[in-house]
Amino acid sequence: VQLTESGGGLVQAGGSLRLSCAASGRTFSSYAMGWFRQAPGNEREFIAGISFSGSRSVYADSVKGRFTTSRDNAKNTLYLQMNSLKPEDTAVYYCAADSTSLYVRRTTPNDFDSWGQGTQVTVSS
């Protein structure tokens, strides 16, 4: 599975951004996907995940109610809609695939086997 993120950038606090993750290789609708982020000096943290069909999603408490993940299996694309952004959301954002599972059952980086290159999101105060 090859993954490529896009959509990052600089936004003011309270603003919105939508990240995209284009997938190729294995059939996109056959595995779960996740979003992670990593700020300087911090570990990579799970923020959202979605099942193979898009029917189930899970979020970290830090983004619940502000971020929404979705997928369009016909377009082989994963999305992360980020609203009400805060300066503490500043990080490099990564999409990842768990090709061994239809559902998001695990949320540590080691449980995802394919990664995008990351896209920078910077939120100014």
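Everything below is about the structure printed above this text.
A quick note: this is a predicted structure, and the numbers were derived from the prediction, not measured.

S.K.: For the nonpolar core, give the residues involved together with the corresponding values.
M.R.: Of all hydrophobic cores here, the largest spans 26 residues; its most connected members are M33, W35, F67, L78, L80, M82 and Y93. Elements that contribute at least two residues to this core include exactly β3 (17–24), β4 (32–38), β5 (45–50), β8 (77–82), β9 (91–98) and β11 (119–124).

S.K.: Now, about unusual backbone geometry: what can you tell me, with residues and values included?
M.R.: Phi at N76 takes a positive value of approximately 55 degrees, unusual for a residue other than glycine. Looking at the element boundaries, N76 is found in the loop between β7 (67–72) and β8. Phi is positive for S84, which is not a glycine, with a value near 50 degrees. Mapped onto the elements, S84 comes out in the loop between β8 and β9. Residue class for S84 comes out partly exposed when judged on its relative accessible area of 41%.

S.K.: Account for the environment of V92, with residues named and values stated.
M.R.: Here V92 shows up in strand β9. When the C-alpha atoms of V92 and Q120 are compared, they prove to be 4.4 Å apart, with 28 residues separating the residues in sequence. Beyond its immediate stretch of four places on either side in the chain, V92 contacts F36, R37, Q38, G118, T119 and Q120.

S.K.: Would you mind going over the sheet that holds β3 in detail, with residue names and values included?
M.R.: Within a sheet, adjacent strands bond to each other through the backbone by hydrogen bonds, running parallel or antiparallel. The sheet built from four strands is open, its strands ordered β1-β3-β8-β7 with antiparallel pairing. Of all the strands in the sheet, the pair left with one neighbour each is β1 (2–6) and β7. In this sheet, adjacent strand axes meet at a mean angle of 15 degrees when their direction is disregarded. Examined bridge by bridge, β1 and β3 share five bridges and lie antiparallel to one another. Looking across to β3, one finds that Q2 is bridged to S24.

S.K.: So, the state of the cysteines: which residues are in play, and what are the values?
M.R.: All chains considered together, the criterion is met by one disulfide. Disulfide partner of C21: C95, at an S-S distance of 2.1 Å. Negative torsions about the S-S bond denote left-handed disulfides, and the value of about 65 degrees found for C21 with C95 makes this one right-handed. Of this pair, C21 sits in strand β3 while C95 sits in strand β9, and the two are 74 residues apart along the sequence.

S.K.: An account of the side chain of D89 is needed here, citing residue identities and associated values.
M.R.: The topology assignment puts D89 in the loop between β8 and β9. Once residues within four sequence positions are removed from consideration, D89 is found in contact with R37, R66, F67, S84, V121 and V123.

S.K.: Can you lay out the packing of aromatic side chains for me, pointing to particular residues and giving the numbers?
M.R.: This structure, assessed with the given rule, holds seven aromatic pairs. Geometrically, the ring pair formed by F36 and W115 is tilted, given 4.9 Å between the ring centres and 55 degrees between the ring planes. Separated by 79 residues along the polypeptide, F36 in strand β4 and W115 in strand β10 (residues 114–115) bring together distant segments of the chain. When the centroid spacing of 5.5 Å and the interplanar angle of 90 degrees are considered together, the rings of F52 and Y103 count as edge-to-face. In this pair, F52 sits in the loop between β5 and β6 (57–59) while Y103 sits in the loop between β9 and β10, placing the two residues 51 residues apart along the sequence.

Reading the values: rules and limits
- Residues numbered from 1 in each chain as written.
- Predicted model: local features only at pLDDT ≥ 70, side-chain atom pairs only at ≥ 80, totals over all residues.
- Heavy atoms only, no water.
- Core = buried A, V, L, I, M, F, W, Y, C linked by side-chain atoms within 4.5 Å.
- Buried < 20%, exposed > 50% of the residue type's maximum accessible area, 1.4 Å probe, protein only.
- Helix = DSSP H or I, 4+ residues; strand = E, 2+ residues; numbered from the N terminus.
- Contact = heavy atoms within 4.5 Å.
- Pairing = 2+ DSSP bridges.
- Axes fitted to C-alpha atoms, helices over the stretch in contact; angles between N-to-C directions.
- Disulfide = S-S within 2.5 Å.
- Phe/Tyr/Trp six-rings, centres within 6.5 Å; stacked < 30°, edge-to-face > 60°.

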